[in-house]
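Chain by chain, the residues:
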Amino acid sequence: MLHCPRTFARTIAFSGLFLATVLSPAFAADPTGDWKVADGVATIRVAQCNGSMWGAVSWEKTPGGKDKNNPDAAKQSRPTLGMPILIDMKKKAGADAWEGQVYNAKDGQLYSSTIKPVGTDQLEIQGCVLGFLCGGETWTRVSPPIPLSVAGNPAAKGALPKTAAPQTPKTTGAVAPATKPPAQKQAVNPPANANASADLVGDICLLPDIAKPTR
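Residues numbered from 1 in each chain as written. Predicted model: local features only at pLDDT ≥ 70, side-chain atom pairs only at ≥ 80, totals over all residues. Heavy atoms only, no water.

- The protein appears in an unreviewed UniProt entry as DUF2147 domain-containing protein from Bradyrhizobium septentrionale.

Pasting the structure below:
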């Protein structure tokens, strides 16, 4: 029987653990990012806002849609672009799933819903009305996960690096040339759709229907 030196065996075990860690999907259970709905008519941007998952329409195949089926007459004229679809979804204990509500613009109804990532490129949506009339569909990922939103998560603001105040150069009568402030990076890339020429939504945690007052 062949015996391996103990140090060699430990090296093999460590290498196996290292490879398993490196090769495992980094965002297998991350529902954030942009997802194309099953019929391809819209893309939903999912982000963590104030500790919950929210999803809003970030692109629509036919621009200019209105929430005309909403039972609230005051909301029937609101644009569907930027409209919340996944509402205040909480992490389900012991599972890679989130529970909350989903809004169906086709009938203006709210459904009890669960979202669950499948692998790295699919998101399962299940919804029911009053425990029955259940249904679901699978969305397809079109952009990578979104970093934690500073705007929607006040606790994350302390994680931003503090920048020193700019020093005013000493001059001897000459006026220092004006410096152009650096352009801000867009936090979220637009969905990878041919029809999405620009990111019109940005950080969904800033949308009025999602943003909540900080304590």
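1. Brief notes about the side chain of R78
- Position of R78 relative to the elements: it lies in the loop between β3 (52–60) and β4 (84–91).
- At a separation of 3.1 Å, a polar atom in the side chain of R78 contacts the side chain of D209.
- Not counting the four nearest positions on each side in its chain, R78 is found in contact with G65, K66, D67, N70, M83, P84, Y103 and D209. (Helix = DSSP H or I, 4+ residues; strand = E, 2+ residues; numbered from the N terminus. Polar contact = N/O pair within 3.5 Å; in protein donor to acceptor, adjacent residues only side chain to side chain. Contact = heavy atoms within 4.5 Å.)

2. Points about the confidence of the model for the protein
- Confidence in the prediction of the protein, expressed as mean pLDDT, is 74, and 61% of residues score 70 or more.
- Confidence over residues 154–169 falls short of pLDDT 50; this stretch has eight contacts with residues more than four positions distant or in other chains.
- Confidence drops under pLDDT 50 across residues 179–197; counting only partners more than four residues distant or on other chains, this segment forms 24 contacts. (pLDDT = per-residue confidence, 0-100.)

3. Some words on the pattern of salt bridges
- Tallied over the full model, the rule gives six salt bridges.
- With its nearest N and O atoms 3.0 Å apart, the salt bridge here joins D67 to R78. Taken together, the residues span a long stretch of sequence, with D67 in the loop between β3 and β4 and R78 in the loop between β3 and β4 at a distance of 11 residues.
- Taking relative accessible area as the criterion, D67 reaches 0% and is therefore assigned buried. (Salt bridge = Lys/Arg side-chain N within 4 Å of Asp/Glu carboxyl O. Buried < 20%, exposed > 50% of the residue type's maximum accessible area, 1.4 Å probe, protein only.)

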